[in-house]
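Coordinate analysis (summary)
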Amino acid sequence: MDRDPDVSDAAERLRVIEEAPVPGRAASLGERLLGVASAAALFAVLAGAAVSEIPAAVGCLVLLAALALVLRWRWFHLRAPRRRPHTKVEEVIFLFVPATLAIPGLKLLWDNPADSSAALVSAAVPTVALAFYLMLRWRR
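Residues numbered from 1 in each chain as written. Predicted model: local features only at pLDDT ≥ 70, side-chain atom pairs only at ≥ 80, totals over all residues. Heavy atoms only, no water.

Overview of the packing of aromatic side chains
Per the stated rule, a full pass over the model turns up 2 aromatic pairs. Taken together, a centroid distance of 5.2 Å and an interplanar angle of 55° make the contact between Phe94 and Tyr133 tilted. Residue Phe94 is found in helix H4 (residues 88–100), and its partner Tyr133 is found in helix H6 (residues 116–138); the two are separated by 39 residues along the sequence. According to the relative accessible area criterion, Phe94 is buried, its value standing at 6%. For Tyr133, a relative accessible area of 0% puts it in the buried group. (Phe/Tyr/Trp six-rings, centres within 6.5 Å; stacked < 30°, edge-to-face > 60°. Helix = DSSP H or I, 4+ residues; strand = E, 2+ residues; numbered from the N terminus. Buried < 20%, exposed > 50% of the residue type's maximum accessible area, 1.4 Å probe, protein only.)

Things to note about the packing of helix H5 (residues 102–109) against H6
To characterise two packed helices, one gives the angle between the axes of the helices and the distance between these axes. It is at 7 Å that the axes of H5 and H6 come closest, and there the two elements cross at 145°. On H6, the residues touching Ile103, Pro104 and Lys107 of H5 are Ala118, Ser122, Ala123, Val125 and Pro126. Residues of the contact of H5 with H6, tallied by class, amount to 6 nonpolar, 1 polar and 1 charged. (Axes fitted to C-alpha atoms, helices over the stretch in contact; angles between N-to-C directions. Contact = heavy atoms within 4.5 Å. Nonpolar A, V, L, I, M, F, W, Y, C, P; charged D, E, K, R; others polar.)

So, the side chain of Glu90
Following the sequence through the fold, Glu90 ends up in helix H4. By relative accessible area, which is 0% here, Glu90 ends up buried. Engagement of the side chain of Glu90 in a polar contact is seen with the backbone nitrogen of Thr87, the distance being 3.0 Å. (Polar contact = N/O pair within 3.5 Å; in protein donor to acceptor, adjacent residues only side chain to side chain.)

Below, the structure is given as structure tokens:
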């Protein structure tokens, strides 16, 4: 059976269109749950470390782990297939997120242990910034 060249060409075009990236793909439920868990863990670790008596070396390790978590989300969104590119607002917000880690960093390195209200507020700032960045990335 010989196929009509126009039908074959149309089928090939349809296949290419179906395989093309969809920049507006929404985040999966698993990604959203992992993002919420990451933000909660970031808050708990930063606040917990700030109110406890830990050496400055351990405080540095906590800050490095927090920075690694934040950067991992950035790298995930840059490498995730079929995602839209970052907007200028998302770029600015993300540049702000690692800088906010300096706020609990001051409590971890020099004011150790900090009072609980100051520790909660200082841990909330980078957590809210990360959550805001993730919510911007998850919008369609």
